[in-house]
Amino acid sequence: MAERELKKLKRRELLEMLLVQCEETERMQRQTDAMKEHVEEVMESYERLKKKLDVKDERLNQKDKTIATLKRGAKMLIAKKTEIEELQQEMQRQQKEMEWQRQRTAETEAKMKEIMESYDRLKKKLDIKDERLNEKDAAIARLERELDELKKTRKCERGKPGVLRGGQIVAMNPGQKSAGFERSAASGDI
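This one's a predicted model, so the numbers in the text were calculated from it and none came from an experiment.

1. Notes on the overall build of the protein chain
Helix and strand counts for the protein chain stand at two helices and two strands. Reading the secondary structure of the protein chain in the N-to-C direction produces α-α-β-β. The 190 residues of the protein chain split such that 4% are buried. Total accessible area on the protein chain is roughly 18,200 Å²; 55% of this is exposed by carbon and sulfur atoms.

Structural data, given as structure tokens:
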């Protein structure tokens, strides 16, 4: 019976089965005892034949051992051959993979070189533009300072007409005429 079926049985059923098995065991034990007596009788008569068979069995056992050893050796050789073939296939696969990786690495290196060259070119352009921007920023700052100075000077001189000379506003007396080469402050050129 399967374990599942045994687990489903109740204790009483299990005990009944055990009792039947015990009775069967006793019956078989009696049969075994009777058979043992019969075997002993037969064994005495066949003792001589057994000695001859033992010698032949020993030779057969040696031959069986030799055959078994050869079979194990053959199986091992076949297994080793199969293993070697599998290893060779794996090695070929890995070599293909390595070759593919080499190609990918070479392609990647070429792309990286192109990128680095492009980066260097762009960096140089950017540096030039940064330098130009810095120059323009400096010029703007200088012009803003000059403008601030002009505004300060103009605030001080408010109400008086003035003329620009050499980047400065010079106050004029009423009725004084300019030489004509200065820009008029009133014209809005400042």
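2. Some remarks on a nonpolar patch on the surface
A contiguous nonpolar surface patch, about 410 Å² in accessible area, is contributed by Met112, Ile115, Met116 and Tyr119. For Ile115, the position within the fold is in helix α2 (residues 11–156).

3. Observations concerning the pattern of salt bridges
In this structure the tally under the stated criterion is seven salt bridges. Two residues, Lys123 and Asp127, come together in a salt bridge whose shortest N-O distance is 3.4 Å. One end of the pair is Lys123 and the other is Asp127, both in helix α2 and four residues apart, which spans about a single turn. According to the relative accessible area criterion, Lys123 is partly exposed, its value standing at 36%. Judged by its relative accessible area of 36%, Asp127 is partly exposed. A salt bridge links Arg142 to Glu146; its shortest N-O distance comes to 3.7 Å. Residue Arg142 and its partner Glu146 are located together in helix α2, separated by four residues, close to a single helical turn.

4. Quick word on a negative patch on the surface
Residues Asp33, Glu37, Glu40, Glu41, Glu44, Glu47, Asp54, Asp57 and Glu58 make up a contiguous surface patch of negative charge. Topologically, Glu47 is positioned in helix α2. A relative accessible area of 36% means that Glu47 is categorised as partly exposed.

5. Structural notes on the confidence of the model for the protein chain
Mean pLDDT over the protein chain works out to 82, with 80% of the residues at or above the 70 mark. For the protein chain, strand β1 (residues 162–165) is the element with the lowest average pLDDT, namely 50, and α2 is the one with the highest, namely 89. Considering only residues more than four positions removed or in separate chains, one finds that residues 181–190, a stretch of pLDDT under 50, has 13 contacts.

Cut-offs used in this document
Residues numbered from 1 in each chain as written. Predicted model: local features only at pLDDT ≥ 70, side-chain atom pairs only at ≥ 80, totals over all residues. Heavy atoms only, no water. Helix = DSSP H or I, 4+ residues; strand = E, 2+ residues; numbered from the N terminus. Buried < 20%, exposed > 50% of the residue type's maximum accessible area, 1.4 Å probe, protein only. Areas by Shrake-Rupley, 256 points an atom, 1.4 Å probe, with all protein chains shown as cover. Patch = residues over 30% accessible without salt bridge, like charges linked within 9 Å, V, L, I, M, F, W, Y side chains within 5 Å. Salt bridge = Lys/Arg side-chain N within 4 Å of Asp/Glu carboxyl O. Lys, Arg positive; Asp, Glu negative; His and termini not counted. Charge placed at Lys NZ, Arg CZ, Asp CG, Glu CD. pLDDT = per-residue confidence, 0-100. Contact = heavy atoms within 4.5 Å.

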